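Examination of the molecular architecture
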Amino acid sequence: MYEQMLVKRNKERIDSLQNLIQTENSWFAQNIKLLTFAEVNLAALQKILYQIVRRLLKEQQQRHLQIVQSEQYQVVQENVLTLLAEYDDVLREAIPQSIYILIWQISSLEKLANRIEVVDDVLDIIEWYFHHQNNEQVAISEEEDLDHEVMIDLYKEAVEEQDADAQYQLGEYYNAREGNHFQIEKSLKWFELAATQGNADAQYMLGNFYFEGIGVEENHLMAFLYYEKASLQGHADAANNLADMYFNGEGVPQDYTLAKKWFDYAAKKNVPEAMFTLGIIYEQGLGVTVDMAAAFNAYKQSAEAGYVEAQYRLGGIYLEGRLGQAKEVNRALFWYERAAEQYHVDAFYDLGYIWSNGLAGIRNIEKGIHWFKQAALQGDAEAKLQLGHMYNKGEGIARNLKEAIKWYGLAADAGIKEASKILQELKSL
């Protein structure tokens, strides 16, 4: 499916480039037509790369190597690689990192198994080259430690050997948002190639893309199909997401029985979110008989595995004495604090409530204010109201009308009617 989309997009890009190049460069205007042929020759692609590298060096006022040009494949390839190696420092400054890597990768190919994917990459290079010429300066890439040999070998395995693991790794490389090589369309392309060959990790990632509409239109049915494929191969996170879709009726009819089946599977593979949802299923009796002990054990297992929602839920269970557990405020504090460490806003608020009201046996207004402020700074309107009350009443601290008015004002702005009413009364004093 994506391959068909890529073919169509490549043709549109080639037509656009021909229009752009026609008046600017006759050599490229003629040779870019080579990309439209049904069978693209690797030597033709490398010849295009060779011309771009030579012209980039000329722009940088570098005398390129006087290599005898030949139409023969091996010589053309060696010419490109020689220029890249000889002028590595110059080219790394003249070419954005993502383009620089692509030139190395394509120049190093020995055969052409996946023509469409390689043409797509060559078009990226040509488009960059002609678009950057409109700027006064060549974009300088950020210096970053890159193992180019690893990247080249990975690309060759993905393209020439059609290795699914290598294709998945390239998808991950282009999906890394912290680097300047992030390109969601390329990530999608490599994930789909790997998924077609049965790579479960790639199928899981495509499920995420379609579920969230990343690089593609949101499509819950497609997400479900990819999650299912990965789940059937034992992918734990995919199984959890598949269970979620059954649980919420997203892309498929709601089915608590199938949801529990896959949540059980994911939980056994140590997915904390699956453990948490099993707790909800047992607590609410969704497709099963209500089982308070099983619900508590599922929540506790998830919380101990670090899942923040389970930690917060466990804090509430101990605070209120639910699910057959004795009311233990100190244990509630422990789990609320674990959730607060992961910036859970409701945990901030509840910690403020516990300390300011002395529910642990000791009233600590300073701690109450601290936690209410943490919640308020994250946008919690009720926390702002509570801070207004504390400064207004002056219980355990000196009364501070200025602070009270500030927090009531913020609560009122957030839509709390009680805060608006008290604020008017204070301002009329």
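Bear in mind that the values here come from a model prediction, so they are computed numbers and not experimental data.

Parameters at a glance
Residues numbered from 1 in each chain as written. Predicted model: local features only at pLDDT ≥ 70, side-chain atom pairs only at ≥ 80, totals over all residues. Heavy atoms only, no water. Helix = DSSP H or I, 4+ residues; strand = E, 2+ residues; numbered from the N terminus. Contact = heavy atoms within 4.5 Å. Buried < 20%, exposed > 50% of the residue type's maximum accessible area, 1.4 Å probe, protein only. 1 Å grid on protein atoms, 1.4 Å probe; cavity = no way out; pocket = protein on both sides within 12 Å on 5 of 7 lines; lining within 4 Å. Points joined across faces, edges and corners; volume = space filled by probe spheres on them. Nonpolar A, V, L, I, M, F, W, Y, C, P; charged D, E, K, R; others polar. Phe/Tyr/Trp six-rings, centres within 6.5 Å; stacked < 30°, edge-to-face > 60°. Core = buried A, V, L, I, M, F, W, Y, C linked by side-chain atoms within 4.5 Å. Salt bridge = Lys/Arg side-chain N within 4 Å of Asp/Glu carboxyl O. Axes fitted to C-alpha atoms, helices over the stretch in contact; angles between N-to-C directions. Parallel < 35°, antiparallel > 145°, perpendicular 65-115°, else oblique. Left-handed = near helix turned anticlockwise from the far one by under 90°. Expected span 1.5 Å × (residues − 1). pLDDT = per-residue confidence, 0-100.

1. Let's talk about the overall build of the chain
From N to C terminus, the chain includes 23 helices and zero strands. Excluding contacts between residues fewer than 6 apart, the proportion of contacts in the chain whose partners are at least 24 apart in sequence is 53%.

2. Things to note about unusual backbone geometry
Backbone geometry follows two general trends: most residues other than glycine have a negative phi, and most peptide bonds adopt the trans configuration. For Gln162, which is not glycine, the phi torsion reads 50° and is therefore positive. Assessed through its relative accessible area of 35%, Gln162 is described here as partly exposed. Unlike most non-glycine residues, Tyr343 shows phi in positive territory, near 60°. Within the fold, Tyr343 resides in the loop between α18 (329–341) and α19 (345–357).

3. Considerations on helix α6 (residues 97–107)
Extensive coverage of α6 is indicated by the burial of 11 of its 11 residues. Listed as buried for α6 are Gln97, Ser98, Ile99, Tyr100, Ile101, Leu102, Ile103, Trp104, Gln105, Ile106 and Ser107.

4. Describing the layout of surface pockets
What the largest pocket holds in volume is close to 190 Å³. Forming the boundary of the largest pocket are Tyr353, Ser356, Asn357, Arg363, Ile365, Phe372, Gln386, His389, Met390, Lys393 and Glu395. Considering each element in turn, the lining of the largest pocket owes the most residues, four residues, to helix α21 (residues 381–393). For the lining of the largest pocket, the residue count by class is four nonpolar, four polar and three charged.

5. Some points on the packing of aromatic side chains
Each aromatic ring pair is described using two quantities: the centre-to-centre distance and the angle formed by the ring planes. Inspection of every chain in the model, using the stated rule, returns 19 aromatic pairs. Seen from their ring centres, Phe296 and Tyr318 are 6.0 Å apart, and the 85° between their planes marks the pair as edge-to-face. Taken together, the residues span a long stretch of sequence, with Phe296 in helix α16 (residues 292–304) and Tyr318 in helix α17 (residues 308–320) at a distance of 22 residues. Accessibility expressed as a relative area gives 7% for Phe296, which makes it buried. Exposure remark for Tyr318: the relative accessible area of 2% places this residue in the buried category. With 6.3 Å between their ring centres and 90° between their planes, Tyr343 and Phe348 make a pair best called edge-to-face.

6. So, the environment of Leu83
Following the sequence through the fold, Leu83 ends up in helix α4 (residues 73–86). For Leu83, a relative accessible area of 0% translates into the label buried. When the C-alpha atoms of Leu83 and Tyr50 are compared, they prove to be 8.3 Å apart, with 33 residues separating the residues in sequence.

7. Quick notes on the nonpolar core
Phe263, Tyr299, Leu314 and Tyr408 are the most contacted members of the largest nonpolar core, which has 92 residues in total. Broken down by element, this core gets its largest block of residues, eight residues, from helix α13 (residues 236–248). With near-sequence residues (within four places) excluded, Leu314 lies in contact with Phe296, Tyr299, Lys300, Ala303 and Trp335. Core analysis: the second largest hydrophobic core is formed by 52 residues, Val40, Leu57, Val80 and Trp190 among them.

8. Observations concerning the pattern of salt bridges
Under the counting rule described, the total for this entry stands at 20 salt bridges. Two residues, Glu304 and Lys300, come together in a salt bridge whose shortest N-O distance is 2.4 Å. Separated by four residues within a single helix, Glu304 and Lys300 lie in helix α16, roughly one turn from each other. The exposure class assigned to Lys300 is partly exposed, which follows from its relative accessible area of 26%. Note that Lys406 is salt-bridged to Glu403, the shortest N-O span being 3.4 Å. Here the residue Lys406 and the residue Glu403 both occupy positions in helix α22 (residues 401–413), the gap between them amounting to three residues, near one helical turn. Of the residues examined, Lys406 reaches a relative accessible area of 39% and is grouped as partly exposed. Through salt bridges with shared partners, a single network forms among Arg13, Asp120, Asp121, Asp124, Glu127, Lys186 and Lys189.

9. Observations concerning the packing of helix α12 (residues 220–231) against α13
Their axes nearest at 8 Å, the elements α12 and α13 cross at an angle of 135°. Of the possible angle classes, the one that applies to α12 and α13 is oblique. Considering how the two elements wind past one another, α12 and α13 form a crossing that is left-handed. Across the interface between the two elements, His220, Ala223, Phe224, Tyr227, Glu228, Ala230 and Ser231 of α12 pack against Ala238, Ala239, Asn241, Leu242, Met245 and Tyr246 of α13. Residue composition of the contact of α12 with α13, by class: nine nonpolar, three polar and one charged.

10. Let's talk about helix α14 (residues 256–268)
When the terminal C-alpha atoms of α14 are compared, their 18 Å separation across 13 residues agrees well with the 18 Å that a helix rising 1.5 Å per residue should span. If you check which residues of α14 are buried, you get Ala259, Lys260, Trp262, Phe263, Ala266 and Ala267. Those residues of α14 that are buried lie in contact with α12, α13 and α15 (272–284). Just beyond α14, the residue with positive phi is Asn270, at close to 70°.

11. A few points about the confidence of the model for the chain
Confidence in the prediction for the chain averages 87 pLDDT; 89% of positions are at 70 or higher. Considering only residues more than four positions removed or in separate chains, one finds that residues 136–143, a stretch of pLDDT under 50, has 18 contacts.

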